[in-house]
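# Coordinates in review
Each chain, letter by letter, is given below.
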Amino acid sequence: MIKQGEGFHVAVYPGAFDLWSGPKLEVFDGAGKFFPGYASMRSHAVESGCFVICVLSYVDDKDVPADFPLRDSLNVEYTRGGGMVISPAGVPIAGPVHGDTILYADCEAKQIKQAKAIIDTNSHYARPDLLSLEYRPTRK
């Protein structure tokens, strides 16, 4: 995606959840302590010089039909929505917000050009003429 020159990256996560909560593992984090992918989203924004828009799934119990056979075994407690927007500098400019909401952010296009001028992973950092990676799996 970086090679294609993306200006906006949409990162979709299943929800905000608490990793240390027991056997279900994915339980809604109402305190807002864990926002999925926070470090990787900021890193991608800086490395690619693009805005990263993070979106969390929102599934309500009423969205699942009553006659769905596995309804009682679904774990959708953590899919309570939310999101954030991170600038090409890796700084959050909107959010994080939680819940069923719409998030707005002013994304100045010049920030993309400025970020790509400083960390240009597509041009002078990328040297396919000098280095290439080739993977040849061996057959057993």
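Figured I'd write up the structure that's included with this text.

## Quick notes on the environment of V46
Turning to its location among the elements, V46 is positioned in helix 1 (residues 38-48). Distance from V46 to D120, taken between C-alpha atoms, is 9.9 Å for residues 74 residues apart in sequence. Not counting the four nearest positions on each side in its chain, V46 is found in contact with P88, A89, G90 and I119.

## Focus: helix 1
All of the buried residues in helix 1 are M41, H44, A45 and S48. The buried residues of helix 1 all sit within an arc of 100° when viewed along its axis, so they share a single face. Considering only its buried residues, helix 1 is in contact with strand 1 (8-13), strand 4 (51-56), strand 5 (82-86) and helix 2 (109-118). Downstream of helix 1 by a residue or two, G49 has a phi angle that is positive, lying close to 70°.

## Remarks on the sheet that holds strand 5
Paired through backbone hydrogen bonds, the strands of a sheet run either parallel or antiparallel to each other. Strand order in this open sheet of four strands is 1-4-5-6, and the pairing throughout is mixed. This sheet does not close on itself; its edge strands, each paired only once, are strand 1 and strand 6 (92-98). Strand-to-strand, the axes of this sheet are offset by a mean angle of 10°, without reference to chain direction. As paired elements, strand 4 and strand 5 share four bridges and run antiparallel to each other. The residue of strand 5 that forms the bridge with I53 is V85. Its contacts with the sheet put helix 1 on strand 1, strand 4, strand 5 and strand 6, and the angle it makes with strand 5 is roughly 30°.

Cut-offs and rules
- Residues numbered from 1 in each chain as written.
- Predicted model: local features only at pLDDT ≥ 70, side-chain atom pairs only at ≥ 80, totals over all residues.
- Heavy atoms only, no water.
- Helix = DSSP H or I, 4+ residues; strand = E, 2+ residues; numbered from the N terminus.
- Contact = heavy atoms within 4.5 Å.
- Buried < 20%, exposed > 50% of the residue type's maximum accessible area, 1.4 Å probe, protein only.
- Arc of directions from axis to C-beta.
- Pairing = 2+ DSSP bridges.
- Axes fitted to C-alpha atoms, helices over the stretch in contact; angles between N-to-C directions.

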